[in-house]
Amino acid sequence: MYASHLANLHRQTNIQEPRHLEGSIAKVPVGMMIRQGFQVVRGLHRHGMKWSGLAGRQPINRVPVSQSMGVGVRVLTMSSWPFSSPPRDYSLPNDSWSPEMRNLYDHYNALCEVEEEGQKKRGPWRRLPSYNRTLKYATGGQCLSKVLQAKARLFTRNTEEPGASFEYVVFLNKQEKSCVCIFQAGHLLEGPPGHVHGGAIATIIDSVTGTIATYLAGPVMTANLNINYRSPISLGSVVLVRSALEKTEGRKTLISCQVTSADGARLHTEATGLFVAINVGHLFGT
Ligand SMILES: CCCCCCCC(=O)SCCNC(=O)CCNC(=O)[C@H](O)C(C)(C)COP(=O)(O)OP(=O)(O)OC[C@H]1O[C@@H](n2cnc3c(N)ncnc32)[C@H](O)[C@@H]1OP(=O)(O)O
């Protein structure tokens, strides 16, 4: 199944192999698939297309991919989505969202489009779609057992019950190199009675800071997360998780983060995250 998918994808894609990978596909198919995954996603980001577009019914044709990945890839064509069905976008409103969450969503969503001279144009903000796992074949292949491959889920999206754990949506401001996450903490995230577990707060901070770091620097891993918990967060409440680029230094990207009440009046948590750019082969020992 994996081998035939790989063969198909290879046939359907027009990928110029980076020199250091030439002839190595058979040896490191997982690394290859991961690179393709990141390239597809980055290519879509750069060209203002949503990943959810891939899940749509139209095939993607000739998506130019930036050379900034440093792998010399110029053009990627992909004629089919490798999933059997379109993935669910978890960042869209559902019935579990409180009116406050919905209002904040509407506020930032409205900033994604601006009207200029009677015409609607892309605004400074962009909603990031969100799925419950990374690319199926990027995480699978030789490195995970079939069972794990089928069952692996992104930590923050691992329940199908709306509102039970992490309900969130991230909006990115490309110009400001910042993002805001609207986060509603569900009943499965309890730590102290009636309040959110510190590990759950760290998780959403890691995810949001990691998302903007990935957007700015490509594939990264969290090297250091420094968190100060200032005031507890009530279970079921809606908070804002704001993150922004502090500085980049070689492979290192430093991101700051504040978690506040929805009106911004109360500071709950402050954090900084250090992210180090990786070659994705790092994850698989290649
Ligand atoms: C899109 C969804 C987003 C989700 C986000 C979720 C992100 C995650 O949770 S990732 C999982 C948790 N993180 C991990 O498991 C990472 C484990 N650690 C590692 O793999 C490695 O240590 C890694 C990749 C961070 C760095 O290793 P390596 O690539 O060898 O880099 P290394 O040479 O050690 O360090 C590079 C630079 O970073 C600095 N650095 C590395 N770690 C740290 C640290 N903990 N604190 C301070 N500086 C550090 C080094 O000093 C070095 O600095 P300089 O270039 O100035 O000398």
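- Naming follows an unreviewed UniProt entry, where the protein appears as Acyl-coenzyme A thioesterase THEM4 of Alosa alosa.
- Under the UniProt heading Sequence similarities (unreviewed entry), the note attached to the protein is "Belongs to the THEM4/THEM5 thioesterase family."

Considering the environment of Leu188
- Take Leu188: it is sitting in the loop between strand S7 (178-185) and helix H7 (198-217).
- Considered as a pair, Leu188 and Ile205 are 17 residues apart in the sequence and their alpha carbons are 17 Å apart.
- Excluding residues within four positions of it along the chain, Leu188 makes contact with Thr159, Ala164 and Ser165.

Comments concerning the sheet that holds strand S8 (residues 220-229)
- Within the open sheet, the seven strands sit side by side as S5-S6-S7-S9-S10-S11-S8. Their pairing is antiparallel. Whereas interior strands pair on both sides, the edge strands pair on one side only; in this sheet they are strand S5 (125-128) and S8. In this sheet, neighbouring strand axes are inclined to one another by 25 degrees on average, regardless of whether the strands run parallel or antiparallel.
- Examined bridge by bridge, strand S9 (residues 238-249) and strand S10 (residues 252-261) share 10 bridges and lie antiparallel to one another. If you follow Glu249 over to S10, its bridge partner there is Lys252.
- Of the strands in this sheet, S5, strand S6 (166-173), S7 and S9 touch helix H4 (residues 99-110), which is tilted by about 160 degrees from S7.
- Strands S5, S6, S7, S8, S9, S10 and strand S11 (267-277) of the sheet are contacted by H7, whose axis makes an angle of about 135 degrees with S8.

A closer look at the nonpolar core
- Counting residues in each nonpolar core, the largest one holds 37 residues, and the members touching the most others are Cys181, Ile182, Phe183, Ile204, Val208 and Val241.
- Every element with two or more residues in this core is listed here: H4, S6, S7, H7, S9, S10 and S11.
- Of the residues forming this core, the biggest block, seven residues, is contributed by H7.
- When near neighbours in sequence (up to four residues on either side) are disregarded, Phe183 contacts Tyr168, Ile204, Val238, Val239 and Val241.

Some points on the site of the ligand
- Around the ligand lies a shell of 15 residues, among which Gly210, Met221, Ala223, Asn224 and Val276 are the nearest.
- No other element matches H7, which puts five residues into the shell around the ligand.
- Its residues placed into classes, the shell around the ligand shows five nonpolar, seven polar and three charged.

Cut-offs applied
- Throughout, a residue's number is its position along its own chain's written sequence, starting from 1.
- Owing to the predicted nature of the model, reporting of local features is limited to residues with pLDDT of at least 70; listing and counting of side-chain atom pairs is limited to 80 or more, with chain, interface and lining totals taken over all residues.
- UniProt positions are given in the numbering used here, feature names are shortened, and annotations may be inferred rather than shown by experiment.
- Where helices and strands are cited, they refer to DSSP runs of H or I of at least four residues and of E of at least two residues respectively, numbered from the N terminus.
- The contact rule is simple: place each C-beta atom from the backbone, and if two of them lie within 7 Å, those residues are in contact.
- DSSP calls a pair of strands paired once it identifies at least 2 bridges connecting them.
- Note on method: axes are straight lines fitted to C-alpha atoms, helices fitted across the in-contact stretch only, with angles between N-to-C directions ranging 0 to 180 degrees.
- Core membership is restricted to buried Ala, Val, Leu, Ile, Met, Phe, Trp, Tyr and Cys residues, and these are joined into a nonpolar core through C-beta atoms within 7 Å.
- With C-beta atoms placed from the backbone, a residue is labelled by how many other C-beta atoms lie within 10 Å of its own: buried for 20 or more, exposed for 12 or fewer, partly exposed between the two.
- Placing a C-beta atom from the backbone of each residue, we mark the residue near a molecule or strand if the atom is within 6 Å of it.
- Classification convention: Asp, Glu, Lys, Arg as charged; Ala, Val, Leu, Ile, Met, Phe, Trp, Tyr, Cys, Pro as nonpolar; all other residues, Gly among them, as polar.

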